[in-house]
Amino acid sequence: MAEASFAPRVFSGIQPSGNLTLGNYLGALRRWVEMQDSGVPTLYCVVDMHAITVWQDPVKLRNAIREVASAFLAIGLDPARSILFNQSQVSGHAEMAWIFNCVARIGWMYRMTQFKDKTAGKNAENSSLGLLAYPSLMAADILLYHATHVPVGEDQKQHIELTRDIAMKFNHDYGVDFFPVTEPVIEGVATKVMSLRDGTKKMSKSDPSDMSRINLTDDADTIAAKIRKARTDPEPLPETAAGLAGRAEAANLVNIYAALAGTSADAVVAEYAGQPFSVFKPALADLAVAHLGPITTRMQGYMADPAEIDRILGAGADKADEIAAPILARTKEIVGFVSSRG
């Protein structure tokens, strides 16, 4: 029995753990801005509850939450067109996550690639329960709003597949058609930006080497230095993108250039075919600085007024809760909980 028509709605979020990087920007954030003008309602969240799956210094965490929010605003997300908030201010995320903890299977959690990666070489039993169960919270983040589409990087596709599994199992277990089967939105040239030091690894804010990534807080000189020192190979750029096969670092830099320039990898290599990286890297550095410099400046301006950031997040949380509350209430009713409060 159908209970919802599932009108299109977009949800996505980013953890406030470490500096946001060029990878976050090209892999997700830039597309968020484009989607807020698509005519589809958009909710974008600082997922601070996910951050505490590993211990966080409370002072640093508060600053990191505001820094991510400042990035949202600096790249062009508009609180008047998108709902911007931090997860912990909407209690429905935690309540829905518990229900989904009881729908999801433990085996599903152990199969999650990111859990295996984060506990590799360590005693997994010493990891927090939250680290194991957080994909269920991620499903709650999405389905609490009946979100139909989630713009993510390639590395998050498995989590969306799990969200789909949880939605389908809930619907099947309770004989309803209440939760949508969410679709990931993975688009663009650089949906997965790789490390500047190792082209086989994702650019990550948790990498011990700051030289492996470009942070959205980096100044122009730092950006240029990181690109200049980025690992490449001795061969010149090929004539076609197909010639980048087996050249992970070269392909990564070409894809970054293409994404920033709004063009294709083929167009980039056609322009620089036969040129050494001593020519290509300065051009990439200039492009990155021109693109990211204004964002960094705007972030600094927002961070200078934390009270305004808090006001925006609070107002967004109120709007998010208006959507979430009736969906959570109906979920509880389907499960069989008794509610006698107004």
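Placed above this text is the structure.
Residues numbered from 1 in each chain as written. Predicted model: local features only at pLDDT ≥ 70, side-chain atom pairs only at ≥ 80, totals over all residues. Heavy atoms only, no water.

### Overview of the pairing of strand 1 (residues 10-14)
Along a regular strand, successive side chains alternate from one face of the sheet to the other. Judged by how many residues are buried, strand 1 sits mostly within the fold: four of five residues are covered. Both strand 1 and strand 2 (residues 42-46) contribute to a ladder of five bridges, which runs parallel. Of the residues in strand 2, the one forming a bridge with Phe11 is Leu43. For the segment spanning strand 1, helix 1 (residues 22-35) and strand 2, crossover handedness is right-handed. (Buried < 20%, exposed > 50% of the residue type's maximum accessible area, 1.4 Å probe, protein only. Helix = DSSP H or I, 4+ residues; strand = E, 2+ residues; numbered from the N terminus. Pairing = 2+ DSSP bridges. Right-handed = clockwise from strand over helix to strand, strands pointing away.)

### Digging into the pattern of salt bridges
Enumeration over the complete set of coordinates arrives at twelve salt bridges. With a shortest N-O distance of 2.6 Å, Lys332 and Glu95 are connected by a salt bridge. Here the residue Lys332 occupies a position in helix 13 (residues 306-335), and Glu95 occupies one in helix 4 (residues 92-101), the gap between them amounting to 237 residues. Under the relative-accessibility criterion, Glu95 is labelled partly exposed at 30%. With a shortest N-O distance of 2.9 Å, Glu308 and Arg311 are connected by a salt bridge. Separated by three residues within a single helix, Glu308 and Arg311 lie in helix 13, roughly one turn from each other. Owing to a relative accessible area of 29%, Glu308 belongs among the partly exposed residues under this scheme. One connected set of salt bridges, linked through shared partners, spans Asp210, Arg213, Asp218 and Lys226. (Salt bridge = Lys/Arg side-chain N within 4 Å of Asp/Glu carboxyl O.)

### Quick look at the nonpolar core
Within the largest apolar cluster, 61 residues are counted, with the highest numbers of intra-cluster contacts made by Leu22, Tyr25, Leu29, Phe72 and Phe280. What Phe72 contacts, discounting residues up to four positions off in sequence, is Leu29, Trp32, Tyr44, Cys45, Val46, Leu77 and Leu84. Within the second largest apolar cluster, 46 residues are counted, among which are Val103, Leu132, Ala139 and Ile160. (Core = buried A, V, L, I, M, F, W, Y, C linked by side-chain atoms within 4.5 Å. Contact = heavy atoms within 4.5 Å.)

### Points about the packing of helix 9 (residues 220-228) against helix 12 (residues 277-303)
Interaxial distance between helix 9 and helix 12 falls to 9 Å at its minimum, and their mutual angle equals 150 degrees. Handedness of the crossing formed by helix 9 with helix 12: right-handed. On helix 12, the residues touching Ala220, Ile223, Ala224, Ile227 and Arg228 of helix 9 are Lys281, Leu284, Ala285, Ala288, Val289 and Leu292. In terms of residue class, the contact of helix 9 with helix 12 is made up of nine nonpolar, no polar and two charged. (Axes fitted to C-alpha atoms, helices over the stretch in contact; angles between N-to-C directions. Left-handed = near helix turned anticlockwise from the far one by under 90°. Nonpolar A, V, L, I, M, F, W, Y, C, P; charged D, E, K, R; others polar.)

### Details of the packing of aromatic side chains
Across all of its chains, the model carries 13 aromatic pairs by this definition. Arranged with centres 4.5 Å apart and planes meeting at 0 degrees, the rings of Trp32 and Tyr44 form a pair that is stacked. You can see Trp32 sitting in helix 1 and its partner Tyr44 sitting in strand 2, a full twelve residues away along the chain. Grouping residues by exposure puts Trp32 and Tyr44 together as buried. When the ring of Phe85 is compared with that of Tyr145, the centres are 6.0 Å apart and the planes differ by 65 degrees; the resulting orientation is edge-to-face. With a gap of 60 residues between them, Phe85 in strand 3 (residues 83-86) and Tyr145 in the loop between helix 7 (129-143) and strand 4 (149-151) connect regions that are remote in the sequence. The class of Tyr145 is buried, set by a relative accessible area of 0%. A network of ring pairs unites the aromatic residues Phe100, Phe170, Tyr174, Phe178 and Phe179 as a single cluster. (Phe/Tyr/Trp six-rings, centres within 6.5 Å; stacked < 30°, edge-to-face > 60°.)

### A word on helix 9
Regarding helix 9, the residues found buried are Ile223, Ala225, Lys226 and Ile227. In the core, the buried residues of helix 9 are packed alongside helix 12.

### A short note on the pairing of strand 3
Burial along strand 3 is two-sided: the face carrying Ile83 and Phe85 and the face carrying Leu84 and Asn86 are both buried. Bridging between strand 2 and strand 3 involves four bridges; their strand directions are parallel. Counterpart to Val46 in the pairing with strand 3 is Asn86.

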